[in-house]
Structure formats: structure tokens, C-alpha cells
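# Examination of the molecular architecture
Here are the chains, one letter per residue:
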Amino acid sequence: MGRLKRLLCIGFTISVLCNACQKENDALAIGIDTTNTVREPHLLLGNPSDAGTTISDSLNYLLEKIEFSLSYNKSRATANWVSWHLTTTWLGAATRQDNFKPDNALPEGWYKVSTSNYTNSGFDRGHLCPSADRTTSAQENSNTFLMTNIVPQAPKNNQQTWARLEDYCRDLVAAGNELYIVAGVAGTGGDGSKGAATTINGSLITVPATLWKVIVVLPQGTNDMQRIDANTRVIAVTMPNSQNSVGNWGMYRSSVNSIEQLTGYDFMRTVAPAIQEALEEKVDMLPIE
């Protein structure tokens, strides 16, 4: 290797190291714990519905974002589910962007929901992957406002019970854990502030009957797949999409098996079968206050 090439290589190496140091300094400046900086794939534990990427997968269409992965249902005009990894590396100082917007990543010709389609519907624009779970940059927070991440949700459920569950998940991360979360919908027909409805926006957007969430809790670390065992904490929650589903989210805890029966999905499918079976039959009973 010539002298010029060696100098270029050395310069490139120094540049990479400086950039890495700057990123760590930036992370520390906004309060991010850099001891666990790996952002694992959002679908590390599997694709629950075998969502695909062809036009024929219109009822179960896979979209993979930097911030989350999801299965989109063209017929419902909402996601079936959204999956994301939550660690301290996703939590920072970015503010809520509140810029709900159509998702132009959907195939050409598909109806793209806009924020105005929810106006005066009696239902909130409910996040599946929460805005507050993506705060390391304005762009990452902004992308949680893509309408493919939004479902019609009863206001009291969205702003109270569901929100408290979202807060609890971030509390678990602050306590030294990392989470693998899948949240989604099932059934048709909810109860909003203007009464019961099966659809909004002239029947183009389906109102779900149920919202559910599966949360796998691990202490922060590496080699996540190897660290999941039969004692791993798994929280499964099933809530009616209703103004009456308020209060302590813990009262809606169920099992992963029950959500699989409700949806037909297969969660934690990359986990060893015996461990998967043990985890899916349990109902989490740990104190949450």
C-alpha cells in the first residue's frame, strides 16, 4: 500500500472514531444511557402474521420503518399490528411533533389515510407505537405520526388506560430493562365519544373492537435471543375499544395464548418452542404500582 493510501486510511479511521465519540457525547448530553447502544431488529422475535411485501398481501402488508415494523391491512385502512424494540437508545429530548400525515410508502393506488379523516369521528388518532417511545430525534418522533401507525381509539381508553400502559413500559426501561413490543387491533366496532361505530370516514376506516399488546421484558444486555427463557416476564393485555375501558390497565391482563386465539397470529415464533409455550400460557401477575 502506498503512502498516500495509508494516510487516507488513517484519516478515515480517525474520522469514524471522532464521529462515534461525537454520537456518544450527543447521547449523553440528552440523557441516553450509552451502555446498551444496540438497536435490535423490531421483528427479532418473529413476524406474527407472516406479513408479506407483494401487492397480493394487501390484507397483511409488511412495512419496515427505522422506528418500527408493521402489518398493514388495506381493507381496514389501519395496521393489523405494529412491532418495535424499546431501549434507552430510543429515548431522548426530542419533543412531540404532532404532524399526523399519510404514509407514502404504501403501494401506488392504495387509499392513504390523512389526519382529517378522523375529524369529528368521536375517536382519537391512537398510536400503536407511541410518540413518546421515539424521542432521540425530531424525525424519529415525526414518523410515529404516520397514519399507518394510527387506529381509531376511544378517547378515554387512549388518553387514560392505554396511556398508563405506555408510561409503564417506559418506566420499565428507565429501571434497566429493554422491551420487545407488539401492539395491534382485532374485531370490528368500538364505542367512541359520539357512540358506537364500526367505521369512520364514510366506511373507509375500520374501527377495531379490541386493542391488544404483547410485551417481552428483558434486563438490558446483548444476545437477547439467548437470554429469553421460561422465566422471562411477558405482559399480555387485551382491552375493549370503549369509553368504558378506563382505570388500571392491569385489570386487562391476559395471556399471549388468548391473543393468539383472538387474532390467529403466532408471537415469539423465533423463540425455542418449549420456552415459547411456557411463556404464552402465563398471565402476568406482578405488581404494577
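Residues numbered from 1 in each chain as written. Predicted model: local features only at pLDDT ≥ 70, side-chain atom pairs only at ≥ 80, totals over all residues. Heavy atoms only, no water.

## Describing the pairing of strand β11 (residues 210–219)
- In terms of burial, β11 is a largely internal element, nine of the 10 residues being buried.
- Both strand β6 (residues 177–186) and β11 contribute to a ladder of 10 bridges, which runs antiparallel. By the bridge assignment for β11, V182 is matched with V214.
- Note that β11 and strand β12 (residues 233–240) share eight bridges and pair antiparallel. (Buried < 20%, exposed > 50% of the residue type's maximum accessible area, 1.4 Å probe, protein only. Helix = DSSP H or I, 4+ residues; strand = E, 2+ residues; numbered from the N terminus. Pairing = 2+ DSSP bridges.)

## Re the pairing of β12
- For β12, the tally of buried residues reaches six of eight residues, placing the bulk of the element in the interior.
- Note that β12 and strand β13 (residues 253–254) share two bridges and pair antiparallel. Residue pairing in the sheet places A236 in a bridge with S254 of β13.

## As for the side chain of E280
- You can see E280 is positioned in helix α6 (residues 273–281).
- When sequence neighbours within four positions are dropped, the list of residues in contact with E280 reads S255, V256, N257, E260, D266, F267 and M268. (Contact = heavy atoms within 4.5 Å.)

## What to know about α6
- Turning to α6, its buried residues number three or more, namely Q276, L279 and E280. What you see down the axis of α6 is that its buried residues fit within an arc of 95°, all on one side. Structural note: α6 exposes A274, E277 and E281 on the side pointing more than 90 degrees away from its buried face. (Arc of directions from axis to C-beta.)

## A few points about empty space enclosed by the protein
- Inspection of every chain in the model, using the stated rule, returns two cavities of 30 Å³ or more.
- Approximately 110 Å³ is the volume found for the largest cavity.
- In terms of lining residues, the largest cavity is bounded by 17 residues, among which L45, G46, S83, V182 and M268 are the most central.
- When residues of the lining of the largest cavity are traced back to their parent elements, those giving at least two are β6 and β11.
- Of all the elements, β6 adds the most residues to the lining of the largest cavity, at three residues.
- Here the lining of the largest cavity is composed, by residue class, of 11 nonpolar, four polar and two charged.
- Taken as a whole, the second largest cavity holds about 30 Å³ of empty space. (1 Å grid on protein atoms, 1.4 Å probe; cavity = no way out; pocket = protein on both sides within 12 Å on 5 of 7 lines; lining within 4 Å. Points joined across faces, edges and corners; volume = space filled by probe spheres on them. Nonpolar A, V, L, I, M, F, W, Y, C, P; charged D, E, K, R; others polar.)

## Structural notes on the pattern of salt bridges
- Enumeration according to the criterion identifies 11 salt bridges in this entry.
- Two residues, D103 and K65, come together in a salt bridge whose shortest N-O distance is 2.8 Å. Within this pair, whereas D103 is found in the loop between β3 (78–86) and β4 (124–127), its partner K65 is found in the loop between β1 (61–64) and β2 (69–73), the two being separated by 38 residues in sequence. Comparing D103 with K65 shows no difference in burial state: the two are buried.
- Notably, a salt bridge pairs R96 with D98, separated by 3.0 Å at the nearest N-O pair.
- D98 gets classed as partly exposed once you look at its relative accessible area, which sits at 46%.
- Several salt bridges converge on common partners, so that one network encompasses D50, D266 and R269. (Salt bridge = Lys/Arg side-chain N within 4 Å of Asp/Glu carboxyl O.)

## Quick notes on the side chain of N143
- Structurally, the position occupied by N143 is in the loop between α2 (138–142) and β5 (150–153).
- A polar contact is formed between the side chain of N143 and the side chain of E67, at a distance of 3.1 Å.
- Among all residues touching N143, those that are not within four sequence positions of it are E67, F68 and K101. (Polar contact = N/O pair within 3.5 Å; in protein donor to acceptor, adjacent residues only side chain to side chain.)

## Observations regarding the sheet that holds β2
- Strands sit in the order β1-β2-β3-β6-β11-β12-β13 across an open sheet of seven strands; the sheet is antiparallel. The sheet is open, and its two edges are formed by β1 and β13, each paired on a single side.
- Across the sheet, helix α3 (residues 155–174) lies against β3, β6, β11 and β12, angled at about 170° from β12, the strand it touches most. (Axes fitted to C-alpha atoms, helices over the stretch in contact; angles between N-to-C directions.)

## Examining unusual backbone geometry
- In this model, D98 sits at a positive phi of 55°, which is unusual for a non-glycine residue.
- For D98, the location among the structural elements is in the loop between β3 and β4.

## Remarks on helix α5 (residues 256–263)
- Among all positions in α5, only V256, I259, E260 and T263 are buried. Summarising the axial view, the buried residues of α5 lie within an arc of 105°, below the 170-degree limit, and thus occupy one face.
- Where α5 is buried, its residues contact β6, β11, β12, β13 and α6.
- G264, located one to two residues past α5, shows a positive phi value of around 80°.

## Notes on the confidence of the model for the protein
- Predicted confidence across the protein gives a mean pLDDT of 90, with 87% of residues reaching 70 or more.
- Residue range residues 1–36 is modelled with pLDDT below 50. Its contacts to residues more than four positions away, or to other chains, number 23 contacts. (pLDDT = per-residue confidence, 0-100.)

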